[in-house]
Amino acid sequence: MPDPFHLKPAELLKGLTGAPDENYAEELHHGSLVVGLYAPRGDDPQRPHDRDEVYVVVAGSGWFVNGDHRHAFAAGDLLFVPAGRSHRFERFSDDLAVWVMFYGPRGDRKSVV
């Protein structure tokens, strides 16, 4: 049985095909924190979320659109998206895998960054 306090991306990726309904595995819930692994293939169909989120890039590279900002990303990078902001991965490699962490209260908040 997997340890719920030690998540391993390689194990989680085995269950993801990359199809829109099979590109995310939600693995940990604690208080307001929800952690999952996101691995889209070809296109990133995301819509804005109602909670703040943090991505940590496990593998892959490409471009990340975060509101009015667009920048290159690579493995090891951390990306923050405030609740309600439009965002997506673009022109990303076929091995893209990111930890995604949702936390805090639901609803748009004024960003401090």
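Quantities reported herein were computed from a predicted structural model and do not represent experimental measurements.

Before going further, it helps to examine the overall build of the protein chain. What the protein chain contains, in helices and strands, is one helix and eight strands. Each helix and strand of the protein chain, placed in order from N terminus to C terminus, yields the pattern α-β-β-β-β-β-β-β-β. What you see for the protein chain is a C-alpha radius of gyration of 14 Å, in line with the 13 Å of a compact globule of 113 residues. If you line up the protein chain on its principal axes, its C-alpha atoms span 40 × 35 × 25 Å. Classification of the 113 residues of the protein chain by burial places 36% in the buried group. Sequence-distant contacts in the protein chain: of pairs separated by 6 or more residues, those separated by 24 or more amount to 59%. Taken as a whole, the protein chain presents about 6,800 Å² of accessible surface, with 55% of it coming from carbon and sulfur. Across the protein chain, 12 positive and 17 negative side-chain charges occur, with their mean positions spaced 5 Å apart.

Parameters at a glance
Residues numbered from 1 in each chain as written. Predicted model: local features only at pLDDT ≥ 70, side-chain atom pairs only at ≥ 80, totals over all residues. Heavy atoms only, no water. Helix = DSSP H or I, 4+ residues; strand = E, 2+ residues; numbered from the N terminus. Rg over C-alpha atoms; globule rule 2.2 N^0.38 Å. Buried < 20%, exposed > 50% of the residue type's maximum accessible area, 1.4 Å probe, protein only. Contact = heavy atoms within 4.5 Å. Areas by Shrake-Rupley, 256 points an atom, 1.4 Å probe, with all protein chains shown as cover. Lys, Arg positive; Asp, Glu negative; His and termini not counted. Charge placed at Lys NZ, Arg CZ, Asp CG, Glu CD.

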